[in-house]
Amino acid sequence: MKSLRRFLLRLFNLVSRRTQDERLREEIEEHIALQTEENLRAGLSPSEARRQAMLKFGGVEVMKQDYRAQRGLPFIENLLGDLRNAGRTIRRMPGLAAVIIVSLAIGIGANTTIFSWIQMILFQPLPGVSGASNFLLVELRTETGGYPGASWPEYRALQTQVPALRDIVASQMVPFNVGEKGQTERTFGQLVSGNYFSALGLKPAIGRFIRPEEAERPGTEPVIVISYDYWQTRFGGAPRAVGQKLRVNDRDLIVIGVAPKEFQGTMLPLKFELWVPATLTPALLGGARDLEDRSARGFSLIGMLRPGATLAEAQAELSTAMRQLARDYPAASAGIGGEILAFWEAPRGPQRMLISGLAVLQGVMLLLLLAVCGNTANLMLARGSTRQREMAVRVALGAGRWRIVSLVLSENMLLALLGASLGAAIAVWGTTALRVAPMIGAFPILFQTKVDGLTLAFAILLGAACGLIFSAAPAIHLARLDPQDGLRSSSNTPPRSRARKILIGVEVGLAMVVLIAAALFLQSFRSARQTDPRFGPEGVLLAAYDLSGRNPNEAAERQFAARLLDRLRSLPDVEAAAIATNVPLDLHGIPRRSFTVQGRVRTEPGQDRAISNTVTPGYFKVMRISLLEGTDFAEMGDRAAPAEAIVNEEFVRRYLNGADAIGRRIQTRAGSFAIIGVARNSVYDAFGEPAQPAIYFSYRDVPWDQGEIHLRTRSGNETALTSEARAVLRDLDPMLPLYDVRTFSQHIERNLYLRRIPARMFAVLGPLLLGLAAIGIYAVVSYAVARRTKEIGVRLTFGATSGRVVLQIIRENLGAITWGTAIGWLLALVISLHAFPNGPLSLSVFVGVPALLLSVAALACWIPARRASRIDPMAALRHE
Amino acid sequence: MKQKADVLQGTLALMVLKTLDVLGPQHGYGIARRIEQISGDLLAVNQGTLYPVLLKLEQEGAIASEWGASENNRKARFYRLTREGRKQLQVETQDWQQTAAIIARFFEAKAGDLS
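The model shown is predicted, which means the values in this text are computed figures rather than measured ones.

Reading guide: rules and limits
- Residues numbered from 1 in each chain as written.
- Chains lettered and ligands numbered in written order.
- Predicted model: local features only at pLDDT ≥ 70, side-chain atom pairs only at ≥ 80, totals over all residues.
- Axes fitted to C-alpha atoms, helices over the stretch in contact; angles between N-to-C directions.
- Helix = DSSP H or I, 4+ residues; strand = E, 2+ residues; numbered from the N terminus.
- Parallel < 35°, antiparallel > 145°, perpendicular 65-115°, else oblique.
- Left-handed = near helix turned anticlockwise from the far one by under 90°.
- Contact = placed C-beta atoms within 7 Å.
- Nonpolar A, V, L, I, M, F, W, Y, C, P; charged D, E, K, R; others polar.
- pLDDT = per-residue confidence, 0-100.

**Observations concerning the packing of helix α7 (residues 152–161) of chain A against helix α11 (residues 311–328) of chain A**
Residue and element names in this part refer to chain A.
Here is step 1: Two numbers describe how α7 lies on α11: the axes approach to 10 Å, and their chain directions differ by 135°. The pairing of α7 with α11 is recorded here as oblique in orientation. Crossing hand, α7 versus α11: right-handed. Side by side, α7 and α11 meet where E154, A157, L158 and Q161 of the first sit next to E317, A321 and L325 of the second.
Here is step 2: Considered class by class, the residues forming the contact of α7 with α11 number 4 nonpolar, 1 polar and 2 charged.

If you want it as structure tokens, here you go:
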């Protein structure tokens with residue numbers, strides 16, 4: 001206590017130094033005056049009295065120093081002094097400081113931006129829900145390692161049988177058609193359990209939330225909760241929205257409340273607008289049996305640990321409950337276990353995609369920051385060495401080793417923290433820039449990332465770590481300095497070049513890795529623009545429809561598609577029309593299906609899989625994919641033809657060794673299909689992908705409740721077809737909205753969006769890093785050369801040509817650089833082989849990038865070397 | 001060298017506390033005079049060294065100070081013992097007496113006593 005109080009007082013005294021000094025001065029004066037009076041009384045002359053008093057008091061300055069050391073905190077005073085000094089030093093090297101601060105800021109800014117996303121997943125996986133990180137995912141797991149989700153009956157069982165989890169809530173994502181006949185709009189919502197809002201601890205913005213009893217039995221009150229945004233845009237934020245009717249999937253639901261502003265549902269990063277009791281499922285989804293069907297596993301479960309319960313207890317209870325379910329309902333639940341996971345461990349869905357992408361990005365960015373640190377260390381080392389004399393003087397005047405270290409450290413820390421603050425500013429800009437990501441794919445996405453205290457702390461921590469990393473070498477170097485050496489002529493001492501050489505090597509190696517990653521990204525991105533997709537996207541309009549709200553049977557689905565196609569084809573401007581379940585180059589990829597084909601015996605374990613797309617007749621005409629053999633699918637109305645399939649060239653090459661395919665049978669879980677044609681290979685998942693085997697099935701044989709309409713225009717202006725297509729669908733079914741309308745080119749652009757972000761990032765960072773490496777090498781070499789001016793002068797005097805001198809200097813420095821490059825190259829190769837095991841190795845990148853890096857490095861060596869070799873030998877010899 | 005100064009400062013602090021305990025509130029000069037009178041020339045301390053000690057004691061809360069008028073009506077800073085200081089004085093007096101007793105016994109001890 002006593003020492004704490006003393007510390008606080010001293011801290012306070014730091015601030016109030018002046019008045020304190022005044023007080024001491026007065027006290028001393030008083031003391032001496034009293035003593036003088038005393039001496040006068042003793043009979044001394046006035047001047048002698050004062051002299052004696054002063055003598056008795058002792059050395060005033062020494063005492064004052066002692067007093068001050070007592071009063072303030074010398075440590076902090078020194079630190080403040082160091083910081084002032086650091087500020088002066090930095091002002092004296094504006095160019096170097098700018099390079100260091102800006103490069104650090106970019107590195108820290110990029111890292112902080114990505115961290116703000118990761119932080120969101122770790123700590124705010126449920127925006128708008130306080131304490132969201134306490135929630136855990138309850139995932140069912142099949143024997144084969146799949147995560148299918150939970151069925152409603154399973155949810156009801158788990159709700160009571162896992163007491164360690166408080167309030168398990170269930171939700172299922174559903175697209176709704178909202179609005180009156182003829183003007184419906186596709187809006188995403190969640191079917192939720194009755195305890196959904198209460199368990200999440202949410203307070204409605206207005207109105208109330210769904211009550212547990214409203215989600216108890218099917219056919220209960222038709223209520224709906226809307227999102228804050230939906231309330232604002234559709235109801236103008238009016239309080240009377242509560243109690244109004246909303247037409248959802250052709251049923252009237254009563255709006256009972258509005259969710260809080262930030263809440264966007266429980267499946268990051270998707271944004272939902274509507275929440276409906278799960279018990280309305282049969283009413284809203286055309287009599288769907290999701291509430292009874294034990295194999296309809298559409299629900300996602302989350303729950304919070306009861307106070308005092310442990311994760312292991314919850315896990316054990318869940319496993320027991322699942323075993324019980326498997327015994328009671330072997331048909332649906334046999335072999336299905338359960339896992340309790342944190343949000344960031346999400347094994348499926350959009351969360352999974354987001355997390356894995358971010359982890360890779362953060363890794364690359366940390367590597368980049370490390371390279372920046374290496375570069376800064378190099379610059380500081382080179383600069384620190386030129387300050388040997390200054391430091392030697394300080395040591396000679398009595399500065400301790402720690403004072404020197406703290407001097408260097410405070411300079412570098414100041415630089416690092418300046419970089420970190422600028423980096424934080426960049427991160428603030430970056431997160432807002434990335435937040436306005438448009439709708440990706442057919443799903444609305446919202447990232448509520450922001451730079452908050454934790455993110456800022458991360459930026460500052462990164463800055464401090466960087467500061468420490470790049471302070472270490474110069475600080476150690478200078479602290480070890482022998483003042484005598486330092487004060488003597490500097491050109492006599494051999495340069496300590498080992499640390500610098502290693503640093504250069506490390507830096508170049510890191511630059512190599514990042515540059516190759518950048519080049520690969522850029523290359524794949526550019527190839528996306530240049531490669532022929534091997535189908536014709538120009539002039540094609542895409543639009544989607546979804547009958548799932550109707551819960552139709554196969555016949556209804558087939559009939560709807562057939563009628564839709566007939567009507568579309570009769571439009572005057574439509575050259576060809578088709579429906580398909582999947583569109584190539586989609587962000588989510590095209591599903592692969594396992595199959596067996598007649599005439600192939602698989603020798604290795606596992607199953608053959610191929611891309612599968614289900615299309616209507618006319619698809620190949622719309623897509624301009626030519627059929628090399630055979631014919632198109634039979635018409636939709638044809639009931640006589642057997643089940644058909646069309647395969648592509650790669651399928652024939654890979655699975656049939658090029659033999660005749662027509663007439664062979666393909667067996668899948670959906671049935672047996674006869675191959676009636678062979679289509680040309682085209683691009684399915686990504687531009688530049690190696691040829692993939694694919695099977696097309698016919699809508700006639702395998703109808704779906706949703707489809708992507710493909711329309712090829714006659715006039716070349718595909719957007720003009722939008723209103724006509726809408727009219728056609730409205731005619732067929734006034735409650736069905738046409739959604740996700742876009743041209744094929746827009747579809748491709750949109751799906752390149754996610755690739756474009758890292759590509760752009762690398763397009764900036766790659767050249768920046770190359771520039772930094774060049775500056776680093778240049779600084780180090782010019783420093784080393786400057787120190788050897790005398791030696792070079794001697795060489796020149798003894799007849800060395802300047803060419804020889806240049807060559808020697810380059811050779812000395814290029815050694816470490818080459819080593820670094822080679823190691824970095826190998827590392828990049830290993831990473832690339834690991835990340836894309838099947839992808840082609842880009843020769844141009846793996847040869848071009850090292851060549852570029854080495855030539856830039858050689859240039860950075862050559863310039864200072866050449867300058868040194870031009871020196872007049874006489875001047876060089878006289879140099880210090 | 002440094003250690004000696006520490007010991008001195010410690011004893012000086014104790015002397016200051018005792019002085020204030022006996023005489024009541026005093027200014028710096030008064031304390032210095034008193035210490036000088038009692039210790040005679042045995043403790044030839046520069047009077048100035050008193051002030052850092054006063055500061056330290058004040059920071060520890062053992063003494064408090066305020067401006068007042070000296071006996072001949074000059075402005076002076078008066079120091080007085082706080083309750084905490086009194087406690088500290090008691091403890092330290094005891095400690096000191098104990099130490100002194102031990103040291104005294106040590107010096108009185110003869111070779112014969114130790115065997």
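**Focus: the confidence of the model for chain A**
Residues and elements named next belong to chain A.
Here is step 1: With 92% of its residues at a pLDDT of 70 or more, chain A has an overall mean of 83.
Here is step 2: When mean pLDDT is taken per element in chain A, strand β19 (residues 694–698) scores highest with 95 and helix α17 (residues 483–487) scores lowest with 66.
Here is step 3: Counting interchain partners and residues more than four positions distant, the pLDDT-below-50 stretch residues 490–495 has 12 contacts.

**Here's the deal with the confidence of the model for chain B**
Residue and element names in this part refer to chain B.
Here is step 1: Confidence in the prediction of chain B, expressed as mean pLDDT, is 79, and 82% of residues score 70 or more.
Here is step 2: Looking across chain B, the model is least confident in helix α5 (residues 111–114), with a mean pLDDT of 60, and most confident in helix α4 (residues 83–108), with 88.
Here is step 3: Scored below 50 in pLDDT, residues 1–6 makes 0 contacts in the model with residues more than four places away or belonging to other chains.
Here is step 4: Of the two predicted TM-score estimates for the complex, the pTM is 0.65 and the ipTM is 0.80.

**Concerning the packing of helix α2 (residues 28–39) of chain B against helix α3 (residues 50–60) of chain B**
The angle between the axes and the distance between the axes are what describe a pair of packed helices.
Residues and elements named next belong to chain B.
Here is step 1: Closest axis-to-axis distance for the α2/α3 pair is 11 Å, and the angle between their directions is 115°. In terms of orientation, α2 and α3 fall into the roughly perpendicular class. Note that α2 runs across α3; the crossing there is right-handed. Across from G28, I31 and A32 in α2, the residues of α3 making contact are L50, Y51 and L54.
Here is step 2: In terms of residue class, the contact of α2 with α3 is built from 5 nonpolar, 1 polar and no charged.

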